Amino acid sequence: MEVLIGSEAIQGRVREIGRQIARDHPEGAPLLIGVLRGCVIFMADLMKCLPIPHEIDFISISSYESSSTSSGAPRLVKDIGRDIRGRDVIIVEDIVDTGHTLDFLRRTFLARGPASLKTVALLDKRSRRECNVPIEYVGFEIPDRFVVGYGLDFAERFRHLPYIAALSPEELIPTPAIRSAGVA
Ligand code: 5GP
């Protein structure tokens, strides 16, 4: 496992993004919508670095599950529980890869009439993009590697790591324990 972004670098960048979002929303009260489950640590840290009133909600969509390759078209698994009409909405993503998930989310939310819709993504694998989606706030652009840590998992492992690390191809082969748990 190779550490790509250390914990201090992440914390520093999250503080900067928080200040930037605050500057862009002088009236306050944006609604942050986190994309479960990879967003959880980023969302919590971002909230602590966001010095304006804001609300949060969460959405869950189908994604990579236990594989390291895209699982195809995104599907809404859990929706938010409120009306976003007239709200300043910010989608909080852990990572944007091909962009299909974000494109799906943007179309879903834009159809509900928010006052504005922006995205903050901690990581951006721009070289893999297939959909031309705008991302207003990007933490770090990263190379085409499968990464874990800081909320991101591989078969539900590694989310707790305080840094972002890239797994080698050998590490992406499921272990017997993971196989017998039925998640690979
Ligand atoms: P996209 O639709 O942009 O191809 O994929 C977005 C989703 O794929 C992310 O929200 C994340 O769940 C997953 N994903 C993409 N790349 C990685 C990666 O390198 N590591 C992990 N753990 N998940 C990834």
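One can find the structure itself at the top, above this paragraph.
Within any chain, residue numbers begin from 1 and follow the written order of that chain's sequence. Per-residue local features of the predicted model are confined to residues with pLDDT of at least 70, and side-chain atom pairs are confined, for both listing and counting, to 80 or more; whole-chain, interface and lining totals are unaffected and use all residues. Hydrogens and waters are ignored; side-chain quantities use all the structure's heavy atoms.

J.: What exactly am I supposed to notice about the pairing of strand β6 (residues 116-124) here?
T.: Side-chain positions along a regular strand alternate between the two faces of the sheet. A 1.4 Å probe rolled over the protein chains alone gives each residue an accessible area, and that area as a share of the maximum for its type sets the label: buried under 20%, exposed over 50%, partly exposed in between. In this text, helices come from DSSP runs of H or I with a minimum length of four residues, and strands from runs of E with a minimum of two, each type numbered from the N-terminal end. Of all nine residues in β6, seven are buried; the element is thus mostly enclosed. In the classification by handedness, the crossover that spans strand β5 (residues 88-96), the intervening helix α3 (residues 100-110) and the parallel β6 is right-handed. Bridge count for β6 against strand β7 (residues 137-141) is four bridges, and the pairing is parallel. Each residue of the ladder has a partner; that of A121, found in β7, is V138. The handedness of a crossover follows from its direction of travel: if, with the strands pointing away from the viewer, the path from the first strand over the helix to the second runs clockwise, the crossover is right-handed. At least two DSSP bridges between two strands are needed for those strands to be called paired.

J.: How do you make sense of the packing of helix α1 (residues 7-24) against helix α2 (residues 40-48) when you look at a structure like this?
T.: For any two helices packed against each other, one specifies the crossing angle of their axes together with the interaxial distance. To get an axis, a line is fitted to the C-alpha atoms, and for a helix only the part in contact is used. The angle between two axes follows their N-to-C directions and goes from 0 to 180 degrees. Two numbers describe how α1 lies on α2: the axes approach to 9 Å, and their chain directions differ by 60°. On the basis of their axis angle, the class for α1 and α2 is oblique. The crossing of α1 and α2 is right-handed. On α2, the residues that touch Q11, V14, I17, G18 and I21 of α1 are F42, D45 and L46. The residue makeup of the contact of α1 with α2, split by class, is five nonpolar, two polar and one charged. The labels follow the angle: roughly parallel below 35 degrees, roughly antiparallel above 145, roughly perpendicular from 65 to 115, and oblique for the rest. Take the far helix as the reference: if the near one is turned anticlockwise from it by less than a right angle, the crossing is left-handed, and if turned clockwise, right-handed. A contact between two residues is defined here by any heavy atoms of the two lying within 4.5 Å. We call Asp, Glu, Lys and Arg charged. Ala, Val, Leu, Ile, Met, Phe, Trp, Tyr, Cys and Pro are nonpolar, and the rest, Gly among them, are polar.

J.: Hey, could you run me through α1 in this one?
T.: Helical geometry: 3.6 residues make up each α-helical turn, so side chains three or four residues apart lie on a common side. Taking 1.5 Å of rise per residue, the 18 residues of α1 would be expected to cover 26 Å, and the 26 Å separating its terminal C-alpha atoms lies within 8% of that figure. Among all positions in α1, only I10, V14, I17, G18, I21 and A22 are buried. Within α1, the buried residues cover an arc of 135° as seen down the axis, which keeps them to one side. Exposed positions of α1 whose direction lies more than 90 degrees from the buried face are E8 and R23. As for α1, its buried residues are in contact with β1 (2-5), α2, β5, β6, β7 and β9 (164-166). Working rule for helices: expected span equals 1.5 Å times residues minus one. Working definition: the arc comes from the directions between the helix axis and the C-beta atoms, pointing outward to the latter.

J.: For this particular structure, what's the right way to read the sheet that holds strand β8 (residues 147-148)?
T.: One key point about sheets: their strands pair by backbone hydrogen bonds, in either a parallel or an antiparallel sense. Strand order across the open sheet formed by three strands is β1-β9-β8, with antiparallel pairing between neighbours. Looking along the sheet, the strands with just one partner apiece sit at the ends: β1 and β8.

J.: How do you make sense of the pattern of salt bridges when you look at a structure like this?
T.: Side chains carrying opposite charge are able to pair once their charged atoms draw close together. Put simply, a salt bridge is a Lys or Arg side-chain nitrogen that is within 4 Å of an Asp or Glu carboxyl oxygen. All chains considered together, the criterion is met by 17 salt bridges. When the shortest N-O distance is used, the salt bridge between D57 and R82 registers 2.9 Å. Here R82 lies in the loop between β4 (76-78) and β5 and D57 lies in strand β3 (residues 55-61), a separation of 25 residues in the sequence. Judged by relative accessible area, R82 falls into the partly exposed class, the value being 32%. Put simply, D83 and R85 hold a salt bridge, and the shortest N to O gap is 3.1 Å. Sharing partners across several salt bridges, the network here consists of R37, D153, E156 and R159.

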